[in-house]
Amino acid sequence: MSDHVLVINAGSSSLKYSLIHAGSGEAAADGLIERIGESESHQKHRGPDGETESSDPIASHEDALRAALDAFEKHGPSLDDLELAAVGHRVVHGGSKFSAPVLIDDALVAEVTELVPLAPLHNPANLEGIKVARRLFPDLPQVAVFDTAFHQTLPPHAYTYAVPAEWLEEHGIRRYGFHGTSHSFVAEQAAQRLNRELADVNLIVLHLGNGCSASAVQGGRSVETSMGMTPLEGLVMGTRSGDLDPAIHGHLARELGWSIDEIDKALNAKSGLKGLAGENDFRELSRRRDAGDEKAQLAFDVYCHRIKKYVGAYYAVLGTVDAIVFTAGVGQHSADVRSAALQGLERLGIRLDPVRNADPAEDGVVSTGDSDVAVLVIPTNEEWEIARQAVALVDQREE
Ligand code: ADP
């Protein structure tokens, strides 16, 4: 059997897929279907012949996966020739139950369904992807890889909210953390670049994409992370507020008469950089900031200040830090964010090299040679991590 895995990430109206070789991480193909259920959908497939696009309407996730399979047949590579090892599914919320990837069966589907109240926006879409893929690939092992799994090592004092104890016992209200697949992948890569065993290094990982999260990773185990029961807590994000005074909810409800759903939507979809400057795309925000736009500047400042606060907090949690790692779209590409977020931390042994930071070399090191804490820029690859975990689980089962 080959080591190729079809990795599926199903959103509420989208389906992303990649065909990944678990050993090398090479993507033989990938694609995206957006606006499922609308009058005009959008499909993109990139294979050996380059990229193809179409805008035929696609009514459901099942039709979307069928359209993806058609694209594989027409434009390659042939899934029959490659003999898939597994289908890997990104599942956002695994609650307290899942700290590792799991082979999907009816019982697992039922358990992920039980977690829907904790992730009403994400888990139903992930489940839809699982159901459809099980119908279309009935003979292949299917593996669920949870965004929360890596953070299941958080100690109770880090994951417990200071609220009535029965809220946790009866309703699962605690911090879970997300982006775990990315934090885990990047932590392992960082140890390799430092030429150290993962078990021997302490890292602060900053995943700065559309969603943003920080984690403190001690010897390969996540011991703190910024996202909470949902992906709303923590850093400032593209459209999400991150941390705020929880009393603001009550104020908005009482004083403005807003419903809970309106408040939820405003904090998840209309806040963050978009709320502050009307722009959630960081590249565009940077262009406006460079042109002297004050709102863009304030949004940038709030964003970087929040990162700095988390770096300081996680430094204290870890005691000693070997490296700070920047990843995802903004983390990898914005030298300005790295420099503003770490400015003035020389007394903590964190020294950025302005030349390296402006244009990171292949090794990703952007700190000075004498910096006690290495600062690294490492591209994340969640699809590869999902493929690796899926193949490892399937191999283990076959042994
Ligand atoms: P997702 O969380 O959806 O995977 P990404 O990791 O792709 O997101 O990050 C998307 C963000 O990265 C966007 O705000 C985008 O503007 C930003 N970004 C991408 N390239 C650059 C760049 N060269 N400079 C600054 N920001 C960038």
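Throughout this description, residue numbers start from 1 for each chain and increase along the sequence as written. Only residues with pLDDT of at least 70 are given local features in this predicted model, and only at 80 or more are side-chain atom pairs given and counted; all residues enter the totals for whole chains, interfaces and linings. Hydrogens are left out, water is left out, and the side-chain values use all remaining heavy atoms of the structure.

Where we set the bar: UniProt positions are given in the numbering used here, feature names are shortened, and annotations may be inferred rather than shown by experiment.
Per an unreviewed UniProt entry, the protein chain is named Acetate kinase, and its organism is Kribbella lupini. Turning to the protein chain, the UniProt record has this under Subunit (unreviewed entry): "Homodimer."

Quick notes on helix α9 (residues 260-269)
For clarity, the threshold we go by: Buried, partly exposed and exposed residues are distinguished by accessible area as a fraction of the type maximum, computed with a 1.4 Å probe on protein chains only: under 20%, between the cut-offs, and over 50%, respectively. Think of it this way: any DSSP run of H or I at least four residues long counts as a helix, any run of E at least two long counts as a strand, and we number them from the N terminus. An arc is given here, and it is the one of the directions from the helix axis to the C-beta atoms. What makes two residues a contact is simply this: any of their non-hydrogen atoms within 4.5 Å.
Three or more residues of α9 are buried, namely Ile263, Ala266 and Leu267. End-on, the buried residues of α9 take up no more than an arc of 90°, which puts them together on one face. Exposed side of α9, more than 90 degrees from the buried face: Asp261 and Lys265 are the residues found there. Here the buried face of α9 lies against α8 (247-256).

Things to note about the site of the ligand
Formally: Whether a residue is near a molecule or strand depends on its heavy atoms: if one lies within 4 Å, it is near. In protein, a polar contact means a hydrogen-donor-capable atom and an acceptor-capable atom, both N or O and within 3.5 Å, with residues adjacent in sequence counting only if both atoms are side-chain atoms; elsewhere, any N or O pair within 3.5 Å suffices. Here the accessible surface of atoms and residues is derived via Shrake-Rupley with a 1.4 Å probe, and residues count as covered only by protein chains that are part of the display. Amino acids outside the nonpolar list (Ala, Val, Leu, Ile, Met, Phe, Trp, Tyr, Cys, Pro) and the charged list (Asp, Glu, Lys, Arg) are all regarded as polar, and Gly is one of them.
Contacts to the ligand come from Gly209, Asn210, Gly211, Asn280, Asp281, Phe282, Arg283, Ala328, Gly329, Val330 and His333. The separation between an oxygen atom of the ligand and a polar side-chain atom of Asn210 is 2.8 Å. Here Asp281 contributes a side-chain N or O atom positioned 2.8 Å from an oxygen atom of the ligand. When the free accessible area of the ligand is taken as 570 Å², the share hidden by the protein chains comes to 68%. Among the secondary structure elements, those contributing two or more residues to the shell around the ligand are α11 (282-290) and α13 (328-333). Looking at the shell around the ligand element by element, the count peaks at four residues for α13. Among the residues forming the shell around the ligand, the class breakdown is three nonpolar, six polar and two charged.

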